[in-house]
Amino acid sequence: MLIEGQVVIHERLGDEDQRLRKLVLKGPIAQTAKAGQFVAIQVQDSSISSFDPLLRRPISLAGISSERDEITLLYRIQGRGTEILARAKCGDKLSVMGPLGKGFSLPDEGELWLVTGGIGIFPLYPLAQSALAQGLTVRLFWGGENQSFLESAGLSSWQGLGIPIHLSTLDGSLGQKGLVTVQLKELLEKHAISGGKIRVATCGPKKMMQAVTDLCLDYKVPVEVSLEERMGCAVGACLGCVVTLTDEAGTLIHKKVCQDGPVFQGEEVVWDESC
């Protein structure tokens, strides 16, 4: 679906040093969007050309409100495209394609553990909301650079969900010092003893997701991963986001993140070739 999304909110998120932004767009995308999907936004520097930059920017859905016909996008300014996008003002209309890709799935029962690092947290919030609405137990493992980042990136919103949260920071300023996978392993070990049905969903740096997948496979816990690749067209035509997977027979296959993903089963990803 190609629409003109009207900017409802566009504001700084937390500490300015983190360069995080919250963008809320009104439009019909919210009626069919699911957690884990994304949109592709056309950003334009009108001072140079109406087609500059040429390629759209893919951004994950961080909030979905079908009642208000609004989607929320959270992003970090870290390149020319997002620098231009950050200039959009309330009332502006942006060309948006979406919802795109295959999102996360939910288990029928049990617990859903969300494991993430950095801004990989953004697409997991609507997943948590959907899981809680379905009556599932949700638990979050989140690692970041420091306290400033975690608080800027929406920690208070997650605390408002009333779920168990396990935080890790590289500098030890909040939560446990070190990698988020340390706390995940500790609880997986307890789970192996006590039993119970859980599924893991993860999004963030690829090395982290690979480590999460390895842990889940060790403890026979199903895991879904949300991959990020550079996208040229976001609709499957350019083949710029192809990743290597294995099928049930162990044969190497190739799929497109923009159409077949971005969410895949962790066990099917060939990490050495996809990283």
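As a reminder, the structure under discussion sits directly above these lines.
Let me begin by describing the structure that accompanies this report. (Residues numbered from 1 in each chain as written. Predicted model: local features only at pLDDT ≥ 70, side-chain atom pairs only at ≥ 80, totals over all residues. Heavy atoms only, no water.)

**Looking at the pattern of salt bridges**
Thinking step 1. Applying the stated rule across the entire model yields seven salt bridges.
Thinking step 2. Of the charged contacts, one joins Glu229 and Lys206 as a salt bridge, the two residues approaching to 2.0 Å between their closest N and O atoms. In this pair, Glu229 sits in the loop between strand E13 (223–226) and strand E14 (242–246) while Lys206 sits in helix H6 (residues 206–218), placing the two residues 23 residues apart along the sequence.
Thinking step 3. Looking at Glu229, the relative accessible area reads 23%, which means it is partly exposed.
Thinking step 4. Using a relative accessible area of 17% as the deciding quantity, one classes Lys206 as buried.
Thinking step 5. Via salt bridges that share partners, Lys26, Arg68 and Glu70 belong to a single interconnected network. (Salt bridge = Lys/Arg side-chain N within 4 Å of Asp/Glu carboxyl O. Helix = DSSP H or I, 4+ residues; strand = E, 2+ residues; numbered from the N terminus. Buried < 20%, exposed > 50% of the residue type's maximum accessible area, 1.4 Å probe, protein only.)

**Let's talk about empty space enclosed by the protein**
Thinking step 1. Taken as a whole and assessed by the stated rule, the structure comprises one cavity of 30 Å³ or more.
Thinking step 2. Quantified by volume, the largest cavity comes out at close to 40 Å³.
Thinking step 3. Surrounding the largest cavity, Ile3, Gly5, Leu25, Lys26, Gly27, Ile29, Ile71 and Val96 form its lining.
Thinking step 4. Of all the elements in the fold, those that place two or more residues in the lining of the largest cavity are strand E1 (2–12) and strand E2 (20–26).
Thinking step 5. Considered class by class, the residues forming the lining of the largest cavity number five nonpolar, two polar and one charged. (1 Å grid on protein atoms, 1.4 Å probe; cavity = no way out; pocket = protein on both sides within 12 Å on 5 of 7 lines; lining within 4 Å. Points joined across faces, edges and corners; volume = space filled by probe spheres on them. Nonpolar A, V, L, I, M, F, W, Y, C, P; charged D, E, K, R; others polar.)

**Some details on the environment of Ala35**
Thinking step 1. Structurally, the position occupied by Ala35 is in the loop between E2 and strand E3 (38–41).
Thinking step 2. Setting aside anything within four residues of it in sequence, one finds Ala35 in contact with Ile64, Gly103, Phe104, Pro126 and Leu127. (Contact = heavy atoms within 4.5 Å.)

**Thoughts on the nonpolar core**
Thinking step 1. One finds Trp113, Leu184, Val200, Val212, Val225, Leu227 and Phe264 to be the most contacted residues of the largest nonpolar core, which totals 32 residues.
Thinking step 2. Sort the elements by how many residues they give to this core and H6 lands first, with five residues.
Thinking step 3. Excluding residues that lie within four positions of it along the chain, Leu227 makes contacts with Met209, Val243, Val257, Pro262, Phe264, Val269 and Trp271.
Thinking step 4. In this structure, Phe122, Leu136, Leu140 and Val263 belong to the second largest nonpolar core, which totals 29 residues. (Core = buried A, V, L, I, M, F, W, Y, C linked by side-chain atoms within 4.5 Å.)

**A closer look at the sheet that holds strand E8 (residues 111–117)**
Thinking step 1. Taken together, the seven strands give an open sheet; going across it, the order is E11-E10-E9-E8-E12-E13-E16, and neighbouring strands pair in mixed fashion. In this open sheet, the two edge strands, each paired with only one partner strand, are strand E11 (176–177) and strand E16 (263–265).
Thinking step 2. As paired elements, E8 and strand E12 (residues 198–203) share six bridges and run parallel to each other. Each residue of the ladder has a partner; that of Thr116, found in E12, is Cys203.
Thinking step 3. Most of the contacts of helix H2 (residues 124–133) go to E8, to which it runs at about 170°, and overall it touches E8, strand E9 (137–144) and E12. (Pairing = 2+ DSSP bridges. Axes fitted to C-alpha atoms, helices over the stretch in contact; angles between N-to-C directions.)

The values reported here are purely geometric and, on their own, carry no functional implication.
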